[in-house]
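Descriptive analysis of the structure
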Amino acid sequence: MKAFRTSLILLLAAAAYLGLALAVENSYHQLILTLVLIWASFGLSWNMLSGYTGLVSFGHASFFGLGAYATVLAQIHFGLSPWVMIPVSGVIGALAGLLIGLPTFRLRGHYFALSMLAYPLALLYIFEWLGLQEVTFPMKREDPAWFMQFSDPRIYTAIALAMLLLFIQITRHVERTRFGMGLIAIKQNEAAAEAAGIDTLRLKLKAIALSGAIAGATGAFYAVVLLVVTPISVFGMLVSAQALTVAMFGGVGTVWGPIIGAAILIPLGEILHAELGSRFPGIQGVILGVAIVVVILVAPEGIFWKARDSWRKRSKGLAAGPAIPRTAGPGSFAGAGPAPLARRELSDEIILDVQSLSRSFGGLKAVQDVSFKVRKGMVLGIIGPNGAGKTTLFNVLNGFLRPDAGRVIVNGVDMAGRKPHALCAAGVGRTFQVMRPFMRLTVAQNVKVGAYVKARTEPEAESFAARAIAQLGLSDCAARLASTLTTKELRLMELARALAGQPRLLLLDETLAGLGQSEIDDVIAGIRSLSAAGITIVIIEHTMQAMVRLVDEFVVLDHGEVLVVGQPQAITRDKRVIEAYLGKKWSARNA
Ligand SMILES: Nc1ncnc2c1ncn2[C@@H]1O[C@H](COP(=O)(O)OP(=O)(O)OP(=O)(O)O)[C@@H](O)[C@H]1O
């Protein structure tokens, strides 16, 4: 219903814009109307990669310029029409995206952004070196419509509008699918996305290909409108900056951002250029610079998000903070309590077999020759002093780190060195010591991202997520943004997200950290409910009082090695464990 309403508003806005274009007589103003649509399309292309994945690109002019040159050269040398070359330029842009993405996605953050800058610069010099300084479309008086050489500039505006509407539809479709959700998850936390089973490299390549396709087609049409292509006008720094600025100004990671940005900045820049350009050459660049500074200071995520957040706050919406009654609220479990786990009969089936696992950092042996077995349905605690190698061991078990030696046998298959999303698909879920929620998503969306690894369809993902949310007592907060949750609710949400991937084995990293006593009881009850549902659990935790109530068996690590393995009663009395970890005070207090 909401999607239908949005489509209707969009169509009405498009009709109004077209009406305005038809009414405008002045050809320069007509050109501005067309340019707004072109730069909005280019901004959408930038948004598809950088807005959704958070990988900032300073190099989108590569795709734009390749589309522009392909179109003009194809007309000159092969007589091909722009009607053919605009879609072909989309394909060229997509292929260029894959070629650029494959090596460049190895880099992150600033390194990614800067290396993207290199591609249009290199292309600019290559096209200059090829002698393509100023390439003009040959006039085709015999068949102007076929070669998009219209005498009425309003036709260009109409075509640009149709292209923009298509790109908006593509973007809106992406936003609604698991692909779009995966991109947002990557932006908010790439490691958590991997651990939730998302193949982040594949998704980023898909995003850059789609982004390159939109930029390539837009560049092709831009060339047609201006009739002449120069390296600086399509590969220049200002071109990439334009895409980035309209999206950042309007709002990143939303379909509306680039449209708002282009609608404000392009006419402003053009009018100032027309009025003051002769006295202040390069005034458009100044406008872009000022726009960026204003946005960084006033609305770092862009106008759209600023307006939406303040509207939501005012109308007491989702962002208004926790307002859920606590009586039977999140994390309340029937039967939850502090009693120790009754000794249970565990199956003999081995679900995780760790054999001689080692991992060093330079000369530091963080994990050395570690072996242990985890039986189906058990809760295994991993304890040890700070720096004993617990987190490193988890990172190796879940694929964030490659082991130097050893085997990690999950359900009979050696998974050592496999990527986190592959381990997740094999049934290994993970939570993090430092919580890694997707803050701008609701609880239900956060958990749904975790469900994608096993769910084949959207309804299935929603049902897995709803079940996990209910199991952890979070149904009341399902519609709230993760950013409004308490620490305990966030911990439970992380458990729910891991649970939604239908894991057979869950690795929990300091799930009780930062919680008060009653909150610890609630989260322990949550973990027990997972165990009762047949999930095998391996947990790292420092809170020993809680651990002895929770686990069936301990593995104690010290200096990266297994010190001892055993049941809680034996472990808490073991002299070596008391000396290395628990301390005499703990044993006296709990004797
Ligand atoms: N990426 C890294 N590079 C270099 N050294 C590291 C790295 N990660 C961990 N270490 C070192 O490896 C050792 C084990 O660290 P690890 O974080 O696994 O211990 P831990 O038992 O989880 O500690 P804590 O209880 O404090 O979380 C420590 O000496 C740590 O400084």
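Along each chain, residue indices are assigned from 1 in the same order as the chain's sequence is written. Restriction of local features to residues with pLDDT of at least 70 applies here, the model being predicted, together with a cutoff of 80 or more for giving and counting side-chain atom pairs; totals for whole chains, interfaces and linings are based on all residues.

Per an unreviewed UniProt entry, the protein chain goes by the name Branched-chain amino acid transport system permease protein and belongs to Pollutimonas bauzanensis.

The next subject is the domain arrangement of the protein chain. According to the domain assignment, the protein chain contains domain 1 (29-262) and domain 2 (350-589). Residue ranges for the domains originate in an automatic or database domain assignment. Look at where the C-alpha atoms of domain 1 and domain 2 centre, and you get two points 43 Å apart. Each residue is represented by a C-beta atom placed from its backbone, and any two residues with such atoms within 7 Å are regarded as in contact. Opposite the 14 residues of domain 1 that make contact, domain 2 presents 22 residues. Of all elements in the fold, only helix 7 (178-188) and helix 8 (190-195) reach the threshold of two or more residues within the side of domain 1 that touches domain 2. At five residues, the largest contribution of residues to the side of domain 1 that touches domain 2 is made by helix 7. Residues belonging to the side of domain 1 that touches domain 2 are distributed by class as follows: eight nonpolar, three polar and three charged. What counts as a helix is a DSSP run of H or I of at least four residues, what counts as a strand is a run of E of at least two, and both are numbered from the N terminus. Basically, the charged four are Asp, Glu, Lys and Arg, the nonpolar ten are Ala, Val, Leu, Ile, Met, Phe, Trp, Tyr, Cys and Pro, and anything else, Gly included, counts as polar.

For the rest of this paragraph, the subject is the sheet that holds strand 8 (residues 428-430). Ordered in space as 8-9-10-5-11-12, the six strands form an open sheet in which the pairing is mixed. Both edges of this open sheet fall to strand 8 and strand 12 (561-566), since each of them pairs with a single strand only. Each strand axis lies, on average, 20° off the axis of its neighbour in the sheet, ignoring direction. When DSSP locates at least two bridges between a pair of strands, those strands are taken to pair. Of the pairings in the sheet, the one linking strand 11 (residues 553-558) to strand 12 comprises five bridges and is antiparallel in character. Counterpart to Val555 in the pairing with strand 12 is Val565. Axis geometry follows a simple rule: fit a line to the C-alpha atoms, using only the stretch in contact for helices, then measure angles between N-to-C directions, giving values from 0 to 180 degrees. Strands strand 5 (379-383), strand 9 (505-509) and strand 10 (536-540) of the sheet are contacted by helix 20 (residues 517-532), whose axis makes an angle of about 150° with strand 10.

The topology assignment puts Ala546 in helix 21 (residues 544-550). Overall, the presence of 22 C-beta atoms within 10 Å leaves Ala546 in the buried class. Beyond its immediate chain neighbours, meaning those up to four positions away, Ala546 contacts Leu512, Ile520, Ile524 and Glu541. Field definition: a residue is buried when 20 or more other C-beta atoms are found within 10 Å of its C-beta, exposed when 12 or fewer are, and partly exposed for counts in between, with C-beta atoms placed from the backbone.

Take the site of the ligand next. Near the ligand you find Phe361, Leu364, Ala366, Gly384, Asn386, Gly387, Ala388, Gly389, Lys390, Thr391 and Thr392, and these make up its full shell. Going through the elements one at a time, strand 4 (364-375) and helix 15 (390-397) are the ones with two or more residues in the shell around the ligand. Ranked by the residues each element gives to the shell around the ligand, the list is headed by helix 15, at three residues. For the shell around the ligand, a count of residues per class yields four nonpolar, six polar and one charged. Put plainly, near means the residue's C-beta atom, positioned from the backbone, lies within 6 Å of the molecule or strand in question.

Attention shifts here to helix 9 (residues 200-226). Across its 27 residues, helix 9 extends 38 Å between first and last C-alpha, which sits within 8% of the 39 Å expected from 1.5 Å per residue. Burial analysis of helix 9 places 22 of its 27 residues in the buried class, the great majority of the element. One less than the number of residues in a helix, times 1.5 Å, gives the span that helix is expected to have.

The next thing to look at is the pairing of strand 5. In terms of residue burial, strand 5 counts as a mostly covered element, since five of its five residues are buried. Burial of strand 5 is two-sided: the residues Val379, Gly381 and Ile383 facing one way and the residues Leu380 and Ile382 facing the other way are all buried. Of the strand pairs in this sheet, strand 5 and strand 10 are connected by four bridges, and their pairing is parallel. Following the sheet pairing, Val379 is matched in strand 10 by Ile537. Where strand 5 meets strand 11, four bridges bridge the pair, whose relative direction is parallel. For Ile383, the partnering residue across the bridge sits in strand 11 and is Val556.

On to the sheet that holds strand 7 (residues 413-414). Taken in spatial order, the four strands of this open sheet run 4-3-6-7, and their pairing is antiparallel. Strands at the two margins of the open sheet, each flanked by one partner only, are strand 4 and strand 7. Of the pairings in the sheet, the one linking strand 3 (residues 350-361) to strand 6 (residues 405-410) comprises five bridges and is antiparallel in character. Opposite Val354, over in strand 6, you have Val408 as the bridge partner. Across the sheet, helix 15 is in contact with strand 3, strand 4 and strand 6; its angle to strand 4 comes to roughly 65°.

As a further point, take helix 11 (residues 237-250). With 14 residues, helix 11 ought to run about 20 Å at 1.5 Å a step, and its terminal C-alpha atoms sit 20 Å apart, in line with that. Judged by how many residues are buried, helix 11 sits mostly within the fold: 11 of 14 residues are covered. Along helix 11, the residues classified as buried are Val239, Ser240, Gln242, Ala243, Leu244, Thr245, Val246, Ala247, Met248, Phe249 and Gly250.

Right, let's talk about the UniProt feature "transmembrane region" (unreviewed entry) in the protein chain for a bit. UniProt positions are given in the numbering used here, feature names are shortened, and annotations may be inferred rather than shown by experiment. Taking the numbering used here, the UniProt-annotated feature "transmembrane region" (unreviewed entry) corresponds to residues 31-49, 61-78, 84-105, 112-133, 153-171, 207-229, 241-266 and 286-305. Taken end to end, residues 153-171 has its terminal C-alpha atoms 27 Å apart, with 95% of it in helix and 0% in strand.

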